Amino acid sequence: MKFAVVFAAVLAVALAAPVEDRDAQVLQYENDNQGLEGYNFKYDTSNGIQRVEQAQLKSFGEDVSALVVRGSYSYVAPDGQTYTVNYVADENGFQPEAPHLPHA
């Protein structure tokens, strides 16, 4: 099920992308799946997109545990600037941080 959701999201982004982004090539890709303990991955593409993410299993009690995810992604916007978003997803929810994002 999770694969289907991720596949649908990637497909939607690819179909909405400008023509030059559709022709982007993967320049670097690394993936280390550690099963239930977590994972690490990163990739770079020829159109300036970069993403790095790692997840580790964290215990929140005797019978409650979940993956805590940390990562970042960068992209080149139509204005020519590279934007980077750093994020954490943990027991406090998804928490993105970037200078260009509005602050509460």
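These numbers come from a predicted model, not from an experiment. (Residues numbered from 1 in each chain as written. Predicted model: local features only at pLDDT ≥ 70, side-chain atom pairs only at ≥ 80, totals over all residues. Heavy atoms only, no water.)

**As for the packing of aromatic side chains**
As enumerated under the stated definition, the model contains six aromatic pairs in all. Consider the rings of Phe41 and Tyr43, whose centres lie 6.3 Å apart with planes at 5 degrees: the pair is stacked. Under the relative-accessibility criterion, Tyr43 is labelled partly exposed at 24%. With centroids separated by 5.6 Å and ring planes inclined at 40 degrees, the aromatic side chains of Tyr87 and Phe94 adopt a geometry described as tilted. With relative accessibility at 7%, the residue Tyr87 sits in the buried group. Through pairs of rings, three or more aromatic residues link up here, namely Tyr73, Tyr75, Tyr83, Tyr87 and Phe94. (Phe/Tyr/Trp six-rings, centres within 6.5 Å; stacked < 30°, edge-to-face > 60°. Buried < 20%, exposed > 50% of the residue type's maximum accessible area, 1.4 Å probe, protein only.)

**A word on the confidence of the model for the protein chain**
This prediction gives the protein chain a mean pLDDT of 85; 81% of its residues lie at or above 70. Looking across the protein chain, the model is least confident in helix α1 (residues 2-16), with a mean pLDDT of 53, and most confident in strand β2 (residues 38-45), with 96. (pLDDT = per-residue confidence, 0-100. Helix = DSSP H or I, 4+ residues; strand = E, 2+ residues; numbered from the N terminus.)

**Considering the sheet that holds strand β6 (residues 93-97)**
Read across the sheet, six strands follow the order β1-β2-β3-β4-β5-β6 without closing on themselves; strand pairing throughout is antiparallel. Edge positions in the open sheet fall to β1 (26-33) and β6, since each of these has one partner strand only. Ignoring strand direction, the axes of neighbouring strands in this sheet form an average angle of 10 degrees. Two strands pair when backbone bridges link them, and strand β5 (residues 82-90) and β6 are joined in this way by five bridges, in the antiparallel orientation. Its bridge partner being in β6, Tyr87 is matched across the sheet by Pro96. (Pairing = 2+ DSSP bridges. Axes fitted to C-alpha atoms, helices over the stretch in contact; angles between N-to-C directions.)

**Some words on the environment of Ala55**
Following the sequence through the fold, Ala55 ends up in strand β3 (residues 50-59). Between the C-alpha atom of Ala55 and that of Ala89, which follows or precedes it by 34 residues, the distance is 9.2 Å. Not counting the four nearest positions on each side in its chain, Ala55 is found in contact with Glu37, Gly38, Tyr39, Leu67, Val68 and Val69. (Contact = heavy atoms within 4.5 Å.)

**Structural notes on a nonpolar patch on the surface**
A cluster of nonpolar side chains, contributed by Ile49, Tyr73 and Tyr75, occupies part of the molecular surface with about 230 Å² of accessible area. With respect to the helices, strands and loops of the structure, Tyr73 is situated in strand β4 (residues 65-76). (Patch = residues over 30% accessible without salt bridge, like charges linked within 9 Å, V, L, I, M, F, W, Y side chains within 5 Å. Areas by Shrake-Rupley, 256 points an atom, 1.4 Å probe, with all protein chains shown as cover. Salt bridge = Lys/Arg side-chain N within 4 Å of Asp/Glu carboxyl O.)

**Here's the deal with the side chain of Glu53**
The topology assignment puts Glu53 in strand β3. Taking the relative accessible area as the measure of exposure, Glu53 reaches 7% and is therefore buried. Of note is the side chain of Glu53, whose polar atom sits 2.6 Å from the side chain of Arg51. Setting aside anything within four residues of it in sequence, one finds Glu53 in contact with Tyr39, Asn40, Phe41, Val69, Arg70, Gly71 and Tyr87. (Polar contact = N/O pair within 3.5 Å; in protein donor to acceptor, adjacent residues only side chain to side chain.)

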